[in-house]
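Architecture and fold: a report
One letter stands for each residue in the lines below.
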Amino acid sequence: MPSASRGPYLSTFIGREDELGEVRRLVDHNRLVTLLGPGGMGKSRLGYRVLGDMAPAFPGSAWSVDLADLAEPALLGLTVATSLGFRPPADEFDVGALAEQLGERAALVYIDNCEHLLDACAELTAALLARCPGLRVLTSSRQALGVLGERVYPVPVMSTDDAIELFAVRATGALPSWTLERDRAAVVDLCQVLDRVPLAIELAAVRIRTFSPKAMAGRLVGDGALLRDTLRGEPSRRTSLVGCLQWSFDLCTVQEQLLWSRLSVFGGGFALEAVEAVCPGDGLAESDVVVALTGLVDKSLVERDVDDPEGRYRILEVIRQFGGAKLGPAEQRWRRGHRDYYLALAERFDAEWIGPSQRAWMDRFRRERANLRRAFDFSVTSAAEAPLAMRMCTVLEHFFASTGGGAEAVHWLQLALAHGTGTDTERAFALRVGCFVASLNAAMTTASAMYDELAGLAEATDDDWIRAYALYAGAVVRTWQGDAETGANLAADGLEILHRLGDVGRAANLHFLRGMMLGWADRADDAAADYQRCLELTEPRGERWLTSYAQWGLGVDALQSGDSERAIRLERTALRAKVDLGDQMGIGLAVEALAWAAVDQRRGKEAAVLLGAAEAVWQEIGTSVAAMPYLTRRRDTAIRETRRLLSSAEFEDLVRHGRGLPQRDAIAIALGRTRVGRTGSDAALTRREREVAALLATGESNAAIAESLVISVRTVETHVVNIMRKLGLKSRSQVAAALAAESSAAQVQ
Ligand SMILES: Nc1ncnc2c1ncn2[C@@H]1O[C@H](COP(=O)(O)OP(=O)(O)OP(=O)(O)O)[C@@H](O)[C@H]1O
Ligand SMILES: [Mg+2]
C-alpha cells in the first residue's frame, strides 16, 4: 500500500510550493476540487502530496483511489468502496450504503486519474457529496468532471526554478558526475523548449548520458518534434510532451519499441516473468526481452518498483498509452496473449490451492488485481472470448472468496454469461462459483437466478461433473436461503460424486460447508464428521485456509455442546492462522466465537469488548453475521447473556471500546495475550476521544484541534473533559505521558 503522500511514485518530489498552498486552500474552501491538465503535467503527483499534507486533519479518514487501471465504469463504486476499506454486502454496488458507511465524518478522498471514467466519476462524487456532509473530494483528471460546485484547478507548468531543479536532480541520478553549474544556461533553454512539463523534463534528463542539454534542445526544436497532441481525453493542442515521447520512442532500438508498445497491455505493473511470457514474438525474440527491458528502464520509460520484493515494474500512464497507440490492430492479439498468461497462472493457482503454497499464491494474485481486471475486461467484450472469462472465474474461485472480491466476480460472470456462449460444462462450472460467491455476499436474487440455470443444465445433461456442481451450488443456495437441513442433504449427494471424480479441492470445501450446514441445522454431533473429513483432505497437504475454517467450525460446535475450554483452544488456533493469512472474514468469525466463549465462561467484560471488535471487522469488510443467517441467532444470544453480566452502561461502553480498538489489540485480547481488566468502562476512550487526545498530547489548543478534526470548539471542550476524567488527569500537559504509559503497558501485557 503506497503511503498517502507518495502515491505510487518512488522518485523525490520537487518544488510546487505555490501550487500546493493554492490547492490546499481550495480544498479547505470547496468540497470538490479537480486538478486539471494534460498527461505528464504532474497532476497526480500534486494530488498525492496534498492528500499527504492534509491527511492529519482527517485522522483515519483520508484515502486515495487510483483509477488508472480501471476500465469498467460499472466497477467504479466498488473500487472506491474497497479503497476506502468498505465492502458492499450486495452484488449491486449501492451508493447509499457507502454513504452510510462514510456518514457525517470529516473525510478526504483523492481520486486519481478520472479522465476515462468521467460520467461515472461525476455521478458517484455528486451522490456522495450530497449525502455525506463531512466529505471532501479531490480528483485529478485530464478533463473536468462537470459536477455542480466543482472547483477546477488547472495545474500549471512548473516554474522555471522547479523545472531546473527537477532536471538537475534526475540528470545527476542518471549521471552522477554531471553538474548543473556547467550547463545551467542550456538547461534553462531546454526546460523552455520542453514547456516545463515535468514528464518531458524527466524523459530528457535521463538522456544526459548521451546528449548535452544543448544538443537535446537543438534536436527537439530542429526535428519539428513538437507534434499535435492526440492523447486521449485532451483538447487538441500543441504540447512538447508528445514530441518528447516520440523523440524517446525514435531513440529506442526496434526491440525496445516493440516491447514498449506491448507492455501497454499490462495494468498496475508486471513481473519480469510475465513480460517474458507475454511480449515475445513478431520481431522480438525471447532472448532479447531482458535487454530491451533494461533499455527501457535506463531511459526512465519503465520503472522498477524497488519496494516490491518480487521486483515488479511499472510504467507511467501517459507512457503506457503512447506505447499502446503504436500497437494498432495488433492490440487484440497481445491482449489475448496477456489474458492467456493470467488464465494459465490462475489454473496453477487453482491446482495448487490445497497445498503449502496457498499463501504465496494468494499474495501473488493480490498484486495482480489490475492485470486480472484487464484480462476480464478483454474477455467479456466478445461472445467468442466470454467462455474464457467464465473459466477464469472458475479457477479464481478461492481468490475471490478469500479476498472479498465476490461482488467483482459476480459482475464479470454476469457479463460473460450474458453472451450465451460456452459449453454446458463451462457454463455450469462458472455458475457454481457464481452461486457460491453471491451467497457469501448475501446477494440471494443473483444466486438463485444462477442456480436456476445450473439446475436446468444438470437435468438436461447426463454429466457427473455438472450434476455434482449443481448439487454443490444447490446446497449453498438453499442454506443461505435459510434451509440448512436441505442444504446438508444436497451436499451429501454432491460429495459422493465429487469423491468419485477425485475433485479433492471442491470436496474439501464442501465437507467444510456441510459441517457448517449441519451445525446450523442443530445437528452439531453429525457436523464433526464432515469437519474431520475436510481436515483429512487439507491438513496433510499443508493447506491452512480450510483447515482453520474447519477448526473454527469445530470450536463453534464445542461451544454448543458446552465445552468452552476446547472451543477456546480451537478458536485461538484458527485465529492465529487467519491472522497469518490475512483472512478478514475468518478473523471476524473467530473473534466472534471467542466472544461467545468468554460469555459462556462468565467473563462479561471480555465478551463485550470482543463483540465490539467483531462488529468492527464486519463493518470493515462490509458484511455482517447476518450474511450467515444462523450465526445471527448465536450472536443475539451472546449479547443477551453478556448484558446480564454487566450494567447497561458498562456493556455499551465496552462494546464501543472494542469497536474502536485497533485490530491488533483486539486480536491480542482474543488470543488471551492482553487482559481487558484495566479497560474498565471509565478508562475506555472512544475513537473520537483518542483522536482528540492524540492532538492534545502534541500540545494543540482546543481551537486548533477543532479545526483539524472539523468539529466545533464546544465539542472539543466536551471531549477534553471526558478524556481527563477517564484518564484520571488534572492537567492537559499530562495527556502525552498518560498515552505513552498506556501504549507501553499494552505492549508489555
Ligand atoms: N513536483 C514534482 N516533483 C518531481 N517529479 C514530478 C513532479 N511533478 C511531476 N513529476 C513527475 O512527472 C511525471 C508525470 O507526473 P504525473 O504522473 O503526476 O502526471 P499526470 O499529470 O498525473 O499525468 P497523467 O495525466 O498521465 O496521469 C512523473 O514521473 C512524476 O514523478
Ligand atoms: Mg496522473
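Every chain begins its residue count from 1, and numbering advances along the sequence as written. Each chain gets a letter, beginning with A, and each ligand a number, beginning with 1, in the order they are written. Confidence filtering applies because this is a predicted model: local features only for residues at pLDDT of at least 70, side-chain atom pairs given and counted only at 80 or more, and all residues used for totals across whole chains, interfaces and linings. Side-chain numbers here rest on the full set of heavy atoms in the structure, without hydrogens or water.

A word on the coordination of the magnesium ion (ligand 2)
Six octahedral donors around a metal ideally make angles of 90 or 180 degrees; four tetrahedral donors ideally make 109.5 degrees. The following threshold applies: Sodium, potassium and calcium take a 3.2 Å donor cutoff, other metals 2.8 Å, and in both cases only N, O and S atoms count; water is not among them, so sites may look incomplete. Here a helix means four or more residues in a row that DSSP labels H or I, a strand means two or more in a row labelled E, and each is numbered from the N terminus. When a residue's accessible area, from a 1.4 Å probe over protein chains only, is under 20% of the maximum for its type it is buried; when over 50% it is exposed; and in between it is partly exposed.
For the magnesium ion (ligand 2), every protein donor is listed as Ser44 (OG) and Asn113 (OD1), and the spread of their distances is 1.9 to 2.5 Å. Within this pair, whereas Ser44 is found in helix H2 (residues 43-54), its partner Asn113 is found in the loop between strand S3 (107-112) and helix H5 (118-131), the two being separated by 69 residues in sequence. With respect to class, Ser44 is no different from Asn113; both count as buried.

Considerations on the site of ligand 1
Let me state the cut-off plainly: Residue proximity to a molecule or strand is established when one non-hydrogen atom of the residue lies within 4 Å of it. Polar contact is the term for a pair of N or O atoms within 3.5 Å; when the atoms are in protein, one must be able to donate a hydrogen and the other to accept it, and sequence-neighboring residues count only if both atoms are side-chain atoms. Per-residue and other accessible areas were derived by the Shrake-Rupley procedure at a 1.4 Å probe size, with only the shown protein chains allowed to occlude residues. Residue polarity follows a fixed list, in which Ala, Val, Leu, Ile, Met, Phe, Trp, Tyr, Cys and Pro are nonpolar, Asp, Glu, Lys and Arg are charged, and the others, Gly among them, are polar. Domain segmentation is taken from an automatic or database assignment of domains.
Lining the immediate surroundings of ligand 1 are 24 residues, of which Tyr9, Lys43, Ser44, Arg142 and Glu202 lie closest. Ile14 has a polar backbone atom sitting 2.7 Å from a nitrogen atom of ligand 1. Note that an oxygen atom of ligand 1 is positioned 2.7 Å from one of the side-chain N or O atoms of Ser44. Coverage of ligand 1 by the protein amounts to 97% of the 630 Å² it exposes when considered alone. If you list the elements that add at least two residues to the shell around ligand 1, you get H2, helix H6 (160-174) and helix H8 (198-205). The residue makeup of the shell around ligand 1, split by class, is 11 nonpolar, seven polar and six charged. The two domains that each donate at least three residues to the shell around ligand 1 are domain 1 (17-154) and domain 2 (160-251).

So, the pattern of salt bridges
As a reminder of what qualifies: In what follows, salt bridge is the name for a side-chain nitrogen of Lys or Arg lying within 4 Å of a carboxyl oxygen of Asp or Glu.
By the definition in use, this model includes 40 salt bridges. A salt bridge links Glu536 to Arg533; the nearest nitrogen and oxygen atoms lie 3.7 Å apart. In this pair, Glu536 and Arg533 both sit in helix H26 (residues 524-538), three residues apart, roughly one turn of the helix. Overall, Glu536 belongs to the partly exposed group, its relative accessible area being 49%. A salt bridge links Glu641 to Arg644; the nearest nitrogen and oxygen atoms lie 3.3 Å apart. With a gap of three residues between them, Glu641 and Arg644 both fall in helix H31 (residues 629-645), about one helical turn apart.

Quick word on helix H18 (residues 386-395)
The condition is simple: Contacts are residue-level and defined by heavy atoms, with any inter-residue pair within 4.5 Å sufficient.
Among the 10 residues of H18, eight are classified as buried, and the element is accordingly described as predominantly covered. What H18 keeps buried is the set Ala386, Pro387, Ala389, Met390, Met392, Cys393, Thr394 and Val395. Where H18 is buried, its residues meet helix H15 (331-352), helix H17 (369-379), helix H19 (397-403), helix H20 (406-417), helix H21 (424-440) and helix H25 (504-520).

Notes on unusual backbone geometry
In the Ramachandran plot, Ala442 falls in the positive-phi region, its phi being about 60° despite a non-glycine side chain. Within the fold, Ala442 resides in the loop between H21 and helix H22 (444-460). Look at Arg602: it is not a glycine, yet its phi comes out positive at around 60°. Within the secondary structure, Arg602 sits in the loop between helix H29 (584-600) and helix H30 (604-620). Arg602 sits in the exposed class, given a relative accessible area of 62%.

A few points about the nonpolar core
The criterion, for reference: To form a nonpolar core, buried Ala, Val, Leu, Ile, Met, Phe, Trp, Tyr and Cys residues must be joined to one another through side-chain atoms within 4.5 Å.
Counting residues in hydrophobic clusters, the biggest one holds 241 residues, and the most contacted among them are Phe167, Trp260, Leu263, Phe266, Leu396 and Leu513. Considering each element in turn, this core owes the most residues, 12 residues, to H29. In contact with Phe167, other than residues within four places in its own chain, are Trp178, Val187, Leu190, Cys191, Ile201, Ala204, Ala205, Ile208, Pro213 and Met216.

A word on the side chain of Ser439
The residue Ser439 is located in helix H21 in this model. Owing to a relative accessible area of 0%, Ser439 belongs among the buried residues under this scheme. Those residues within four positions of Ser439 in sequence are excluded, and the remaining contacts are Met444, Ala447, Val476, Val477 and Trp480.

Digging into the packing of H30 against helix H33 (residues 663-670)
Our working rule: All axes are obtained by fitting lines to C-alpha atoms, using only the stretch in contact for helices, and the reported angles, taken between N-to-C directions, cover 0 to 180 degrees. Any angle that falls under 35 degrees is termed roughly parallel, while one over 145 is termed roughly antiparallel, one within 65 to 115 roughly perpendicular, and all others oblique. By definition, turning the near helix anticlockwise from the far helix through less than a right angle yields a left-handed crossing, and turning it clockwise yields a right-handed one.
At a minimum axis distance of 10 Å, the contact between H30 and H33 shows a crossing angle of 140°. Considering their axes alone, H30 and H33 lie oblique with respect to each other. Viewed along their axes, H30 and H33 form a crossing whose handedness is left-handed. Touching Glu606, Val609, Leu610, Ala613 and Val617 of H30 are Gln663, Ala666, Ile669 and Ala670, all from H33. In terms of residue class, the contact of H30 with H33 is built from seven nonpolar, one polar and one charged.

Observations concerning the domain arrangement of the protein
In terms of domains, the protein is made up of domain 1 (17-154), domain 2 (160-251), domain 3 (383-543), domain 4 (559-679) and domain 5 (682-748). Its C-alpha centre places domain 2 at a distance of 56 Å from the equivalent point of domain 3.

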